[in-house]
Each structure stands twice: as C-alpha cells, then as structure tokens.
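Chain and residue survey
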Amino acid sequence: MIQGKRGLIGGLALSGLMLVGAAAQANDLNWQANPTYGSVSLSAGFMPDPHRVDLAAGGSTQVTSSLGSGCTGYVHAGAPDVDLYYTAGSLPLYIHVESRADTTLVINAPDGRWYCNDDAIGLNPMVSFPKAQSGMYNIWVGVWGNNELRDATLNITEIDPSR
C-alpha cells in the first residue's frame, strides 16, 4: 500500500542515507520539503490560464512503477518541483509539461494518491483531474531515460490542452 500525506510514512529508515540513482518509491519522494520552484495558490477560474512555471526537469532518482501506474523517469527526490494549493470548483484541472525533452510527471494529490504520466501529448506528459479536489498537489517533473536536467515549462490549466 502506498502511503501519502494522509498516512504514515513507512519503509526502511536509513538515517537519511539516499543512494544516487536509486529507484524511487512513494516514501522516497520528499513531498514535505520546500518545493524547488516555489508554491502556487490558485482557485477555480484562475487567470491567466494556463499558469506557467519554467523549471529544470529531471534529477538523479529514477521513479519506478511501484510508485503507481505510469510512473517513470528521473526526478529530484529531495523536494517537489512545485506545490500547488488549489481551491476546486466545477471545472477539471490539467497539469502538463511542455519541453523539447521527453518529460514525465509525478503528482501526489490531496487524496494522498500518486498520479503519473509519460507521453500524453507527444513526448509531453499530462495528468488530468476531471473532478479536482481542493488541497495541495506536490508536482515533480522528470526526464525519461536519463538523469540530465532539461528545460521545461509546467502548465496548470482548466482548459484541456490536448484539444
């Protein structure tokens, strides 16, 4: 069982030792750390839409499917890239990435579950929340296939970007 914000953080205690290049599971990604590229607070109907955050995607920790369906790529496990504090309304929420690199998404949603994607729109990932919940979304933008950092733009929108 994957434990998230609402559960206990389990697993092996290694006294803070993390192996570079190790495969990431839910308790390996530090969702409690201050996000590398800051926090965003948005309410349903926000403007401008999309809200964009430029960042360097990737990191040295490989994400595995043990985290959840579709989870892959390399991320910086020490902290989320962005924390989104979202107040939901009736509109869906879409989180997607634009990059020239093959990027991936890993999101810990307010329900404590992990959502991941690779290649929803070409080589760019997207996670959609048709009935988005209010709360905090921890977002990691990864790179597929290697641990090189690559330029990317994280987009948060209520308009379906795949249309």
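You'll find the structure just up there.
As a starting point, this report considers the structure included with it. Worth saying up front: this structure is predicted, and the values here are computed from it rather than measured.

The next subject is the state of the cysteines. Under the counting rule described, the total for this entry stands at one disulfide. Across a sulfur-sulfur distance of 1.8 Å, Cys71 and Cys116 are joined as a disulfide pair. Across the disulfide from Cys71 to Cys116, rotation about the S-S bond amounts to roughly 75 degrees, and the bridge is consequently right-handed. Separated by 45 residues along the polypeptide, Cys71 in the loop between strand 4 (61-63) and strand 5 (74-75) and Cys116 in strand 9 (residues 114-118) bring together distant segments of the chain. Among the residues examined, Cys71 registers a relative accessible area of 5% and is labelled buried.

Attention shifts here to the packing of aromatic side chains. Per the counting criterion, the structure on display carries four aromatic pairs. An angle of 75 degrees between the planes, with centres 6.4 Å apart, marks the rings of Tyr86 and Tyr137 as edge-to-face. With a gap of 51 residues between them, Tyr86 in strand 6 (residues 82-87) and Tyr137 in strand 11 (residues 135-143) connect regions that are remote in the sequence. The residues Tyr86 and Tyr137 share a single accessibility class, namely buried.

Conventions and cut-offs
- Every chain begins its residue count from 1, and numbering advances along the sequence as written.
- In keeping with the predicted nature of the model, local features appear solely for residues at pLDDT of at least 70, side-chain atom pairs appear and are counted solely at 80 or more, and the whole-chain, interface and lining totals rest on all residues.
- Where side-chain values are given, they derive from all heavy atoms of the structure, hydrogens and water being excluded.
- Count a disulfide wherever a pair of cysteine sulfur atoms falls within 2.5 Å.
- Numbering of helices and strands runs from the N terminus, with a helix taken as a DSSP run of H or I at least four residues long and a strand as a DSSP run of E at least two residues long.
- For the exposure calls, accessible area comes from a 1.4 Å probe over protein chains only, and a residue counts as buried if that area is under 20% of its type's maximum, exposed if over 50%, partly exposed in between.
- Two aromatic rings, drawn from Phe, Tyr or Trp (for Trp, its six-membered ring), form a pair once their centres lie within 6.5 Å of each other, and the interplanar angle then sorts them: stacked below 30 degrees, edge-to-face above 60, tilted otherwise.

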